Amino acid sequence: MSAPKVWHGAGRRIYIQEVGPRDGLQMEKVFVPTAQKIAMVDALSAAGMAKVEVTAFVSPKAIPALADAEQVLRGIARPPGTVMTCLVPNVKGAERAMGAGADELNLVMSVSETHNLGNLRMLRVQSFAGLQEVIAVAQQGQVAVNVSLSCSFGCPMEGDVPEQVVLDWAQRFIDLGVQGITLCDTTGMAHPAQVHALVTAFKTRWPRTTLTLHFHDTRAMALANVLAAIDAGADRFDASVGGMGGCPYAPGASGNACTEELVHALQLMGYDTGVDLAALTQVAAALPAQIGHDIPSAIVKAGPVHQLHPAPASLQEVRARAQERLQAAEPGL
């Protein structure tokens, strides 16, 4: 039996989309200075990210960590090939983001009624009505729109979300002409078999719609879920540098899929991520000093597999003694 193709990337392009500057920093208690945020985004785009979620245009009272959204978006470099996207909750946020030069607007609602009420204080139909208005504004301004569907792989309060419910909500937004859909594993409930099935169903139904997968590593299944999605035909993934992030509805959540861990694994398997792992790891290594605590990243802690370490200084002495014992036991050697 031949090995599954997923284990052999053979140069297949996988697009890595960085969400740390928004999804990661919004969870932090400290306010990272604007200049540091700009430097972080610039370093991430220079490392080769296909897309960077720069910030969120929300009320500063709701997310004080991102109160400098305009300054950050206006201050970053704009290298060709990197899409600068921003989360917006409503028309006002969309107008602010578009005015500051966003390449794309990312809109969010949950496919779980309970989670949507808890997170956005609205029924799903109310969220949809509001996002319809945002989409119309974006289309008038000729700015691309991506819709992120939270809890696509399960709700921490309702449990399983039927696949058809997820697809029906995706259909509503695709019918409005959005460019992309992100299926979000908001609280880390996804598992590989479920991911493969949902991605297959989506790709079969909408082969031309840009599909992104957004996994959390709450239960240490993010990488397994990425591989299941790749096997089903997906090629775009959100991830957060250093593994920053989390969700208030997932107690103990360790954060989003870690960007450098994902890039490291995929490159070892022969996929082309377009990302400079060393440059990316430098961004992650600087985070603890900026946010005031350790980060989950295994790559920052242990280094990539190709990072070798010097042998102990005593190795020659140990080798000589071992050879002496060998010769004593086998005089003819």
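Data block above holds the structure.
My aim in this report is to walk through the structure given alongside it, one point at a time. Every chain's residues receive numbers from 1 upward, in the order its sequence appears when written. Reporting in this predicted model follows two pLDDT cut-offs: at least 70 for local features of residues, and 80 or more for side-chain atom pairs to be given and counted; totals over whole chains, interfaces and linings ignore these cut-offs and use all residues. For the side-chain quantities, the full set of heavy atoms in the structure was used; hydrogens and water were omitted.

## Some details on the pairing of strand 2 (residues 51-56)
Now for step 1: For every residue, the accessible area (1.4 Å probe, protein chains only) is compared with the maximum for its type, and the residue is labelled buried under 20%, exposed over 50%, or partly exposed between those bounds. Numbered from the N terminus, helices here are DSSP runs of H or I no shorter than four residues, and strands are runs of E no shorter than two. The buried fraction of strand 2 is high, at six of six residues.
Now for step 2: Of the strand pairs in this sheet, strand 1 (residues 15-18) and strand 2 are connected by two bridges, and their pairing is parallel. Directly across from Gln 17, in strand 2, lies its bridge partner Lys 51.
Now for step 3: When DSSP finds two or more bridges between a pair of strands, those strands are recorded as paired. Where strand 2 meets strand 3 (residues 83-87), five bridges bridge the pair, whose relative direction is parallel. Residue Lys 51 lies in a different strand from strand 3, and its bridge partner there is Val 83.
Now for step 4: Orient the strands so they point away from the viewer, and a crossover whose first-strand-to-second-strand path over the helix runs clockwise is right-handed. In this fold, the crossover linking strand 2 to strand 3 by way of helix 3 (residues 69-75) has right-handed handedness.

## Quick word on the packing of helix 8 (residues 192-205) against helix 9 (residues 222-231)
Now for step 1: Angles shown run from 0 to 180 degrees and are taken between the N-to-C directions of axes, each axis being a line fitted to C-alpha atoms and, for helices, limited to the stretch in contact. Contact pair helix 8 / helix 9: the axes reach a minimum separation of 8 Å and the direction vectors enclose 30 degrees. Taken together, helix 8 and helix 9 sit at an angle that is classed as roughly parallel. Both helix 8 and helix 9 take part in a crossing whose hand is right-handed. Of the residues in helix 9, those in contact with Pro 192, Val 195, His 196 and Val 199 of helix 8 are Ala 224, Asn 225, Ala 228, Ala 229 and Asp 231. What sets the label is the angle itself: under 35 degrees gives roughly parallel, over 145 gives roughly antiparallel, 65 to 115 gives roughly perpendicular, and the rest give oblique. In this scheme the handedness of a crossing depends on how the near helix is turned from the far one: anticlockwise by less than a right angle means left-handed, clockwise means right-handed. What makes two residues a contact is simply this: any of their non-hydrogen atoms within 4.5 Å.

## Comments concerning the environment of Cys 247
Now for step 1: Within the fold, Cys 247 resides in the loop between strand 8 (236-239) and helix 10 (259-268).
Now for step 2: The exposure class assigned to Cys 247 is buried, which follows from its relative accessible area of 11%.
Now for step 3: Sequence separation of Cys 247 and Thr 187 is 60 residues, and the distance between their C-alpha atoms is 6.4 Å.

Structural measurements only, silent on function.
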